[in-house]
Amino acid sequence: KLDIVLYPDSGLREVCKPIAEMNDRIDRLIDDMFYTMYDAPGIGLAAPQIAVQERLIVVDVSEKKNEPLALLNPEIIRSAGKITWEEGCLSLPGIYANVNRPSDIIVRGMNRDGKMIELEANDLLAVCIQHEIDHLNGKLFVDHLSGLKRMRALQKFKKLQEEGDLDE
Ligand SMILES: O=C(O)C[C@@H](Cc1ccccc1)[C@H](O)SCc1ccccc1
Ligand SMILES: [Zn+2]
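Residues numbered from 1 in each chain as written. Chains lettered and ligands numbered in written order. Predicted model: local features only at pLDDT ≥ 70, side-chain atom pairs only at ≥ 80, totals over all residues. Heavy atoms only, no water.

## Structural notes on the pairing of strand 7 (residues 116–122)
For strand 6 (residues 104–110) and strand 7, the ladder comprises 7 bridges, and the chain directions are antiparallel. Opposite Ile105, over in strand 7, you have Ala121 as the bridge partner. Between the antiparallel neighbours strand 6 and strand 7 lie 5 residues, among them Gly114 with a positive phi of about 85°. (Pairing = 2+ DSSP bridges. Helix = DSSP H or I, 4+ residues; strand = E, 2+ residues; numbered from the N terminus.)

Written out as structure tokens, the structure is:
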């Protein structure tokens, strides 16, 4: 299990580098990311959340946790519709807020077999993939909130972290 990087770590604000090709290092990283994601538990994880500044995400929104999807250099090439979801983030534990995003997307990327794929994602899978791609661009879900809501969310996160420190 890898340690998940917490806000306000500067690595979460970097634009990640594209991955040139699928190889053993990336294959092992994908396994470590899935293990860390399922253990959290979570339904998505982006490489910068485990301090790797490269364009790699893993998601699995299935009930049975048996539909793992890893994408290298993912890009959204079509988006439509609208959905509001109460999002959380493993890098901002304890903070939740409603975020509006397109509900239907087409995403292109390389899968762990090194094959370029395009897939349609809707609803929660679309939300999750957009949330993870945001991470690759140094964006966090709180950035989609209005100034006041964002400030309140980050103040609450700060307090939760300070309380946590006291409990130590
Ligand atoms: O931090 C992350 O990237 C993992 C996120 C992914 C995510 C957030 C909001 C909506 C969809 C995906 C989550 O913390 S994973 C935790 C979770 C579990 C069940 C439902 C929603 C979020
Ligand atoms: Zn997140």
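So that's the structure; there's more coming.
## Some thoughts on the coordination of the zinc ion (ligand 2)
Put simply, the ideal angle at a metal is 109.5 degrees for four donors in tetrahedral geometry and 90 or 180 degrees for six donors in octahedral geometry. Here the zinc ion (ligand 2) is held by Cys89 (SG), His131 (NE2) and His135 (NE2), and the distances to it run 2.1 to 2.3 Å. Along the chain, the residues that donate to the zinc ion (ligand 2) are spaced as C-x41-H-x3-H. In this pair, Cys89 is assigned in the loop between strand 4 (83–87) and strand 5 (97–101) and His135 in helix 2 (residues 123–136), connecting sequence segments 46 residues apart. A relative accessible area of 1% places His135 in the buried class. (Donors = N, O, S within 2.8 Å, 3.2 Å for Na, K, Ca; no water. Buried < 20%, exposed > 50% of the residue type's maximum accessible area, 1.4 Å probe, protein only.)

## A short note on the environment of Thr84
Tracing the sequence through the fold places Thr84 in strand 4. On the basis of relative accessible area, Thr84 is assigned to the partly exposed category, the value being 44%. It is 16 Å that separates the C-alpha atoms of Thr84 and Ile95, two residues lying 11 residues apart in sequence. Setting aside anything within four residues of it in sequence, one finds Thr84 in contact with Asn98, Val99 and Asn100. (Contact = heavy atoms within 4.5 Å.)

## Describing the site of ligand 1
As a structural note, the neighbourhood of ligand 1 is formed by 14 residues, with Gly44, Gln49, Gly88, Leu90 and Glu132 the closest of them. In this structure, an oxygen atom belonging to ligand 1 sits 2.7 Å away from a main-chain N or O atom of Leu90. Measuring from an oxygen atom of ligand 1, one finds a side-chain N or O atom of Glu132 at 2.8 Å. When ligand 1 is considered free in solution it has 470 Å² of accessible area, and contact with the protein chains removes 82% of it. The element best represented in the shell around ligand 1 is helix 2, accounting for 6 residues. Of the residues contributing to the shell around ligand 1, the split by class is 6 nonpolar, 6 polar and 2 charged. (Near = heavy atom within 4 Å. Polar contact = N/O pair within 3.5 Å; in protein donor to acceptor, adjacent residues only side chain to side chain. Areas by Shrake-Rupley, 256 points an atom, 1.4 Å probe, with all protein chains shown as cover. Nonpolar A, V, L, I, M, F, W, Y, C, P; charged D, E, K, R; others polar.)

## Some details on the pattern of salt bridges
Counting across every chain of the model gives 9 salt bridges. In this structure, Glu162 engages Lys158 in a salt bridge whose closest nitrogen and oxygen atoms are separated by 3.4 Å. In this pair, Glu162 and Lys158 are both assigned in helix 3 (residues 147–167), 4 residues apart and thus about one turn of the helix distant. Look at Lys158 and you get exposed, because its relative accessible area is 53%. Look at the salt bridges and you will find they share partners, linking Asp27, Asp31 and Arg112 into a network. (Salt bridge = Lys/Arg side-chain N within 4 Å of Asp/Glu carboxyl O.)

## What to know about the side chain of Ser62
Structurally, Ser62 is set in the loop between strand 2 (56–59) and strand 3 (69–80). Side chain to side chain, Ser62 and Asp60 meet in a polar contact 2.6 Å long. Within the structure, the side chain of Ser62 is placed 3.4 Å from the backbone nitrogen of Glu67, a separation counted as a polar contact.

## Topic: the packing of aromatic side chains
Applying the stated criterion across every chain yields a total of 2 aromatic pairs. Look at Tyr7 and Phe157: their rings are 6.0 Å apart centre to centre, the planes differ by 80°, and that puts the pair in the edge-to-face class. With a gap of 150 residues between them, Tyr7 in the segment before helix 1 (24–39) and Phe157 in helix 3 connect regions that are remote in the sequence. Exposure remark for Tyr7: the relative accessible area of 23% places this residue in the partly exposed category. With a relative accessible area of 3%, Phe157 lands in the buried category. Ring centres of Phe34 and Tyr38 lie 6.0 Å apart, and the angle between their planes is 20°; on these two criteria the pair is classed as stacked. (Phe/Tyr/Trp six-rings, centres within 6.5 Å; stacked < 30°, edge-to-face > 60°.)

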